[in-house]
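Next come the chains, spelled out residue by residue.
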Amino acid sequence: METDHVFPGRRVAAVSMILGPVLLLTGTLLRSRFNFFFPDQLKAMSDHPALMTAAYTCFLAGNVLLWPAIIVLAAKIGRTRPALAAWGGLFVLFGLFERTFHAGIDQAALGLVRRRGAGFAESVVSESYQDLHLFSFLSFTIMFGWYVLAFAAYRAKVLGVVQSIGLATMGLLPLGVLKGTEIVSIIGTAGLCVALVPAGIGALLESPKPSRRTVLLTAIAVPVLGALAFASSLG
C-alpha cells in the first residue's frame, strides 16, 4: 500500500533536527576555552583528555546525526525547488561526510597524544597536514552547501527568514583537522539550533501516536542494538 512516507521518517528526522544541532553546539562549547589551532588542541588533549574526548565526540555525533534532518529538509524544498534542493542537499551531505573524515583524523591524533605525547602528535600532524586526498577537492562543500540550502529553504518557504539565516550561519564554521572553537563556531552551531530545533520539536509534537506494535518492536530493538554496539567496540 502506498503512503506519503519519506525516508527516514518524520520522527527520525525530528530527533535529528533536535539532537544534531544541540550536540554540535555542546562539542563546540566544551572546547571553547582552548586556542583554535591544532598544536593547542593537541596540548589540550594531553592536559584535559576527558574533556577534549567529550568535546570531539559530541561534535562528531552531532555531525553524523544531522543527515536525516538534511534529507527531509531537502525533500520538502524539492517539492517546489527541486534543483536548489538537489544542489543544497548534496553539498551539505558531502560536507558532513568530510567532517566525519576529519573526525577520524582527530581521533587518530588523540590516540597519538595518549600514547606518544602531544609533541610527537604535533610533528606527525604538521608533516601530513597538506596531504592530498579525495576530500581535499570537496572542502568547499562544507561551507558553501549551507548557503545554498539556506537560500533554497527560504525560496521554497520551508524555513522563515530567521531560521534560514540561522541555517546559513553554519557556513561560518571553520573546517579542517583538529580545529578548535572561535566565535564564528559558536554563532554557526547556535544558528543551526535556531534553524532546526524548533522545527524538530514541532514535528515530534505533530507526529501521530506510535502504535502498540511499534512501541513493542522499539522496546525489543533498543537492547539488541545496545548489545551489538558493545560487541562492535570489542574490535
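Bear in mind that the values here come from a model prediction, so they are computed numbers and not experimental data.

Of the regular secondary structure elements, the chain holds 10 helices and 0 strands. Mapped in sequence order, the helices and strands of the chain form the string α-α-α-α-α-α-α-α-α-α. Over its C-alpha atoms the chain spans a radius of gyration of 19 Å, differing by no more than 12% from the 18 Å that the globule rule assigns to 235 residues. The dimensions of the chain, computed from C-alpha atoms along their principal axes, are 60 × 40 × 30 Å.

This brings us to the UniProt feature "transmembrane region" (unreviewed entry) in the chain. Mapped onto this structure's residue numbering, the UniProt feature "transmembrane region" (unreviewed entry) falls at residues 12-30, 50-72, 84-105, 132-151, 158-177, 183-205 and 214-234. Segment residues 132-151 splits into 60% helix and 0% strand. End C-alpha atoms: 31 Å apart. Note that residues 158-177 is 40% helix and 0% strand, and that its end C-alpha atoms are spaced 33 Å apart.

What follows is about the packing of helix 1 (residues 10-30) against helix 9 (residues 183-206). Across the interface, helix 1 lies against helix 9 with an axial gap of 8 Å and an inter-helix angle of 155°. Judged by the angle between their axes, helix 1 and helix 9 are roughly antiparallel. Seen from above, helix 1 lies across helix 9 with left-handed handedness. Taken together, the residues that form the contact of helix 1 with helix 9 break down as 18 nonpolar, 4 polar and 3 charged.

Below, the discussion takes up the packing of aromatic side chains. Throughout the structure, instances matching the rule amount to 8 aromatic pairs. Summarising the aromatic geometry, the rings of Phe7 and Trp67 are spaced 6.0 Å apart at their centres and angled 25° between planes, so their arrangement reads as stacked. Placement of the pair is Phe7 in the segment before helix 1 and Trp67 in helix 4 (residues 67-78), with a sequence separation of 60 residues. Here the aromatic rings of Phe36 and Phe37 are separated by 5.1 Å at their centres, their planes lie at 80°, and the arrangement is edge-to-face. Taking the relative accessible area as the measure of exposure, Phe36 reaches 9% and is therefore buried. An aromatic cluster of at least three residues, connected via ring pairs, comprises Trp87, Phe91, Phe140 and Phe144.

A word on the environment of Val22. By the element assignment, Val22 lies in helix 1. Spatially, the C-alpha atoms of Val22 and Leu196 are 9.8 Å apart, while their sequence positions differ by 174 residues.

Position of Ser185 among the secondary structure elements: in helix 9. Discounting residues that sit within four places of it in the chain, Ser185 has contacts with Thr28, Leu173, Pro174 and Gly180.

Most often, soluble globular proteins have nonpolar side chains that are buried together. Within the largest apolar cluster, 26 residues are counted, with the highest numbers of intra-cluster contacts made by Ile77, Trp146, Leu167, Leu192 and Leu196. Of all the elements in the fold, those that place two or more residues in this core are helix 1, helix 4, helix 5 (82-116), helix 7 (140-155), helix 8 (161-168) and helix 9. It is helix 7 that contributes the most residues to this core, 5 residues altogether. Residues Phe38, Leu110, Ala121 and Leu178 belong to the second largest nonpolar core, which totals 14 residues.

With that out of the way, let us pick up the environment of Ile187. Inspection of the secondary structure assignment puts Ile187 in helix 9. With 78 residues separating them along the chain, Ile187 and Ala109 place their C-alpha atoms 27 Å apart. Setting aside residues no more than four positions away along its own chain, Ile187 makes contact with Thr169 and Leu172.

Calculation notes
Residues numbered from 1 in each chain as written. Predicted model: local features only at pLDDT ≥ 70, side-chain atom pairs only at ≥ 80, totals over all residues. Heavy atoms only, no water. Helix = DSSP H or I, 4+ residues; strand = E, 2+ residues; numbered from the N terminus. Rg over C-alpha atoms; globule rule 2.2 N^0.38 Å. UniProt positions renumbered as here; feature names shortened; annotations may be inferred. Axes fitted to C-alpha atoms, helices over the stretch in contact; angles between N-to-C directions. Parallel < 35°, antiparallel > 145°, perpendicular 65-115°, else oblique. Left-handed = near helix turned anticlockwise from the far one by under 90°. Nonpolar A, V, L, I, M, F, W, Y, C, P; charged D, E, K, R; others polar. Phe/Tyr/Trp six-rings, centres within 6.5 Å; stacked < 30°, edge-to-face > 60°. Buried < 20%, exposed > 50% of the residue type's maximum accessible area, 1.4 Å probe, protein only. Contact = heavy atoms within 4.5 Å. Core = buried A, V, L, I, M, F, W, Y, C linked by side-chain atoms within 4.5 Å.

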